[in-house]
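Structural overview for review
In case you want the letters, here they are:
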Amino acid sequence: MFKKLGLIFGPVILAFVLVFSIIMLVPESSHVKQNFNEEQRAANALTPTVFKSQKLKQQALSDAKHRFVPFFGSSEWNRMDSFHPSVMAEAYNRPYRPFLLGQRGAQSLTQYFGMQQITSQMRDKQAVFVISPQWFIKPGENSDAFKYYFNQAQALTWLQKDKSTTADRYAAKRLLEMNVSSSLNKYLEKVAAGKKLSSTDLTKIALKLRFLNHEDTLFANLQIGNNYKKNILPKTQNLPEIYNENRLNKLADCYAKKNTTNNKFGIQNTFYKKRISAQVGEIKGSQKNVNYLQSPEYGDLQLVLQQFAQTHTNVLFVIQPINEKWAKYTGLNTHMYQQAVGKIKHQLTSQGFTNIADFSTDGNKKHFMQDTIHLGWRGWLAFDKKVDKFLTTKQPTPVYNIRNKYYTESWMMNPYED
Amino acid sequence: MMDWLKALPNLQPYGDPQYFVYLVVLLMPIVIAMFFGKRLKWYESIISLIFIVLMFAGTHWQQFIALCAYIIWQIIIVFSYAAYRKKADNKWIFYGAVFLDILPLAIVKLTPALTMGKSSIIGFLGISYLMFRSVGMLMETRDGVLKEFTFNQFLRFMLFMPTISSGPIDRFRRFTADYEQVPDRTRYLNMLEKAVYYLFLGFLYKFILSYIFGSLLLPNVEHMALARGGLINLPTIGVMYVYGFDLFFDFAGYSLFAVAISYIMGIETPMNFNKPFLAKNLKDFWNRWHMSLSFWFRDFVFMRLVMVFMRHKIFKNRNVTSGVVYVLNMTIMGFWHGVTWYYVSYGIFHGLGMVINDWWLRYKRRHKEQLPKNKFTEMLAIFITFNVVMLSFLLFSGFLDKLWFHNY
């Protein structure tokens, strides 16, 4: 009788024990060998897998021999033309390499929780953060997009550092709104209400996190695709051997001209054909009522700033332009757009974030934009110039002065008057 | 008043691996008692209640109220009719009872069609499966095979936790016999063995295969197909197969869970799937696909309609009668899935398919000598049936609605 019971449940129990012990026996990410090729692959992969993997991010960002700098942003990283920052850094053998973080749909909140896994790698280091004014719409970050880049380990790591500050309460509230996972809710509700997590809570969090991080270490290397080999390395061949601004600008114009022949907006042909041509009529005037001045995104951005201040990270903020012809066609209110840029910059500078590459007025420059809202060709070159200077010359240590008023409704949801 | 319900976490049945952890822990006492030949009736009821409450907790709390109201409605109808049936047997009273029994579900199904997609407030997850169970009871009461049942038996059958949300659809007499008779130890151990096997097969189906087909592949092929546009294109054929496999692995996985948990509780809930893609013809397919539903329709719709048609001699030819009833039966099933053009045409498609299938089987019988029958023809039959079924699933998926009418 008991033999039969053993035969039924024995294999199940054995399987659980085996799976659990294999995962726990794999060393955690801190003691992993460096491998430059794998790091390059992760740095340019632009997949949610890499974004969510503590191991892959830490491995590259803590490499003592190669300096990877986190480039936080969103869909612009996918515009991998010959002047993309990763191609430029590779071609001119810069002392840094971008670690691209963020894809389409990723916004400040996604970046904030992604940063939780690399706080010690960010400490006293530099970073680049690209802000798209398009993020700052009334509903804020879309919760489906958020979930796409979110995993429990990010939140658990963050919960371990909870000090029930205003920022923590705000972040917990936002995470609850994103409706990520019911198993996190009990902790988040406590933090949002300003209550302390109990020691049993913290033990449970630590145990679960340990398991997740072991799992991450075990499976992180199962990446598919290699953007570095496929999209970055080959393009370095297109560039002149020695960095020469004039020649690069001419080359950019040449590429841009060839690739923007099927529309009057200066948008790349393939993008126009795939994403716009079929509905170009409907799009006319469609952005008339768009407003970037009232958005929870301002609060989410504040979380990011607070994180940078906490880890003493010196950041270059980049503000993306909008293709002006496109803006006109869709009826986007450019005055409103500039006001939003003003509001963002006020939030940055008033707290000591003074390194800003503001391209917001460059949307009318020829060959600056690859499509509607993304840099390309000349735009990437201008971007590269600022970034290169910021990362390779000595920068004064910034003094940050974080203010909690940026988490208030009255800042986020009121139109900004300069 | 319902704040406590809103505050509870929502637990969708078999939704994620954690659900199984809770389930296994709470079922442990039942397993041990079963092993020693006892059924913990009160404990089972409490556990069932907890899981049902959590299934509708949180944002779904209105559904819990709808469920309670629906159960009261069903109690009134089924017990009134059972009491009436002891004294008399007027068919109009019977029809009236069935009508009232179906009414809430009909409202729930019609509401989205009449209000541009809003869902009815009296609806809740699993309402149709409760209806199948109670209509079955009404029919068997009328037939006189179901005479006595208690209030507790009724509730237990209707609200049997493992199968409440999506079946398999059990029958009252079979269920209650299982419930009252605790299986002996050897038999129970065999049931446990099967339960473990079904659970793990279910994990493979639902959490791996259905994930691959439904979450990884389907959005991509759908996106490709919508980008191509037009009436039909190659990626749409991809959508057809990917959706078909996702549908099977998702639902078969769920059904395996429901059967496995039933077995653990000592109830031999009927299986829902039996290798449906190896069916040799459509009739065979419906004996293998969502079996508890198609058998329910066979017993309570098809057979009854055939009997009515024959009794009133509406058609002279027996084959015409069954053909018409096939189409009716399948169309009703289509309407049950939802009042949209694609569900209804899915039903009609299968109805007509059954007519053609029937005609072919008769033709084959008459020409036994002329027609070859070997391994190859059998494979061909399986191949054709599989593709016809997949085509019907493309209809069923509603993807054509998106492709043709809502593609911008």
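Scoring rules and cut-offs
Residues numbered from 1 in each chain as written. Chains lettered and ligands numbered in written order. Predicted model: local features only at pLDDT ≥ 70, side-chain atom pairs only at ≥ 80, totals over all residues. Heavy atoms only, no water. Helix = DSSP H or I, 4+ residues; strand = E, 2+ residues; numbered from the N terminus. UniProt positions renumbered as here; feature names shortened; annotations may be inferred. Buried < 20%, exposed > 50% of the residue type's maximum accessible area, 1.4 Å probe, protein only. Arc of directions from axis to C-beta. Contact = heavy atoms within 4.5 Å. Pairing = 2+ DSSP bridges. Axes fitted to C-alpha atoms, helices over the stretch in contact; angles between N-to-C directions. Right-handed = clockwise from strand over helix to strand, strands pointing away. Polar contact = N/O pair within 3.5 Å; in protein donor to acceptor, adjacent residues only side chain to side chain. Buried area = accessible area lost by both parts, 1.4 Å probe. Salt bridge = Lys/Arg side-chain N within 4 Å of Asp/Glu carboxyl O. Nonpolar A, V, L, I, M, F, W, Y, C, P; charged D, E, K, R; others polar. Core = buried A, V, L, I, M, F, W, Y, C linked by side-chain atoms within 4.5 Å. Phe/Tyr/Trp six-rings, centres within 6.5 Å; stacked < 30°, edge-to-face > 60°.

1. A word on unusual backbone geometry
For residues other than glycine, phi is negative in most cases, and the peptide bonds are mostly trans. Each neighbour pair has its own omega, and for Gly167 of chain B with Pro168 of chain B the value is 0°, a cis peptide bond. Tracing the backbone through its elements, the reader meets Pro168 of chain B in the loop between helix 7 (151-158) and helix 8 (172-180). One non-glycine residue, Leu46 of chain A, lies in the positive phi region at around 50°. Within the secondary structure layout, Leu46 of chain A lies in the loop between helix 2 (36-43) and helix 3 (48-52).

2. A short note on the UniProt feature "transmembrane region" (unreviewed entry) in chain A
Here the UniProt-annotated "transmembrane region" (unreviewed entry) positions come out as residues 7-26 of chain A. Note that residues 7-26 of chain A is 95% helix and 0% strand, and that its end C-alpha atoms are spaced 29 Å apart.

3. Digging into helix 7 of chain B
Residue and element names in this part refer to chain B. Residues of helix 7 that are buried: Gln153, Phe154, Phe157 and Met158. Projection of helix 7 onto a plane perpendicular to its axis shows the buried side chains occupying an angular sector of 125°, all on one side. Taken together, the buried residues of helix 7 touch helix 4 (61-87), helix 6 (127-143) and helix 8.

4. Concerning the sheet that holds strand 5 (residues 356-358) of chain A
All names here are of chain A. In spatial order, the strands read 2-1-3-4-5; together these five strands make up an open sheet with parallel pairing. Among the strands making up the open sheet, the edge pair consists of strand 2 (97-101) and strand 5. The mean angle between the axes of side-by-side strands here comes to 20°, regardless of whether they run parallel or antiparallel. In this structure, strand 4 (residues 314-319) lies alongside strand 5, joined through three bridges in parallel fashion. Among the inter-strand pairings, Val318 is bridged to a residue of strand 5, identified as Ala357. With respect to the sheet, helix 4 (residues 54-61) is in contact with strand 1 (68-72) and strand 2, its orientation differing from that of strand 2 by roughly 160°.

5. Comments concerning the pairing of strand 1 of chain A
Residues and elements named next belong to chain A. A large share of strand 1 lies buried, amounting to five of its five residues. The two faces of strand 1 match: Phe68, Pro70 and Phe72 on one face and Val69 and Phe71 on the other face are all buried. What joins strand 1 to strand 2 is helix 5 (residues 85-91), and the crossover it makes is right-handed. In terms of strand pairing, strand 1 meets strand 3 (residues 126-131) through two bridges, oriented parallel. Residue pairing across strands places Phe71 opposite Val128, the latter belonging to strand 3.

6. Quick look at the environment of Asp184 of chain B
Residues and elements named next belong to chain B. Tracing the backbone shows Asp184 in the loop between helix 8 and helix 9 (185-228). The exposure class of Asp184 is partly exposed, given its relative accessible area of 48%. In this structure the side chain of Asp184 is engaged in a polar contact, spanning 3.0 Å, whose partner is the backbone nitrogen of Arg187.

7. Brief notes about the pairing of strand 4 of chain A
In terms of burial, strand 4 of chain A is a largely internal element, six of the six residues being buried. Burial along strand 4 of chain A is two-sided: Asn314, Leu316 and Val318 of chain A and Val315, Phe317 and Ile319 of chain A, pointing in opposite directions, are all buried.

8. Topic: the interface of chain A and chain B
Taken together, the contact between chain A and chain B spans eight residues of the former and nine residues of the latter. Roughly 900 Å² of surface becomes buried between chain A and chain B when both sides are summed, with 79% attributable to carbon and sulfur atoms. The largest share of the area that chain A buries against chain B comes from Met1, Lys4 and Ile8 of chain A, three residues that together contribute 49% of it. Our enumeration of links across chain A and chain B arrives at one salt bridge. Across the pair Lys4 of chain A and Glu193 of chain B runs a salt bridge, and its minimum N-O distance is 3.0 Å. Remark: the boundary between chain A and chain B carries two residue pairs in polar contact (both at pLDDT 80 or more). Counting residues per element, the side of chain A that touches chain B draws most heavily on helix 1 (residues 2-25) of chain A, which supplies six residues. Grouping the constituent residues of the side of chain A that touches chain B by class yields six nonpolar, one polar and one charged.

9. Focus: the nonpolar core
Among the nonpolar cores identified, the biggest contains 126 residues, and Tyr14, Phe132, Trp289, Trp296 and Phe393 of chain B are the most heavily contacted of them. Ranked by residues supplied to this core, first place goes to helix 10 (residues 234-264) of chain B with 18 residues. Look past the residues within four positions of Trp289 of chain B in its chain and what remains in contact with it is Leu247, Phe248, Asn272, Phe273, Pro276, Phe277, Ser294 and Phe393 of chain B. Counting residues in each nonpolar core, the second largest holds 76 residues, with Leu197, Tyr292, Leu301 and Ile319 of chain A among its members.

10. A word on the packing of aromatic side chains
Each aromatic ring pair is specified by the distance between its two centres and by the angle formed by the two planes. All names here are of chain A. Inspection of every chain in the model, using the stated rule, returns 105 aromatic pairs over all chains. Between Tyr92 and Tyr243 the ring centres are 5.4 Å apart and the planes differ by 85°, which places this aromatic pair in the edge-to-face class. Residue Tyr92 is located in the loop between helix 5 and strand 2, and its partner Tyr243 is located in the loop between helix 13 (227-236) and helix 14 (245-259); the two are separated by 151 residues in the primary sequence. Exposure remark for Tyr92: the relative accessible area of 14% places this residue in the buried category. Overall, Tyr243 belongs to the partly exposed group, its relative accessible area being 33%.

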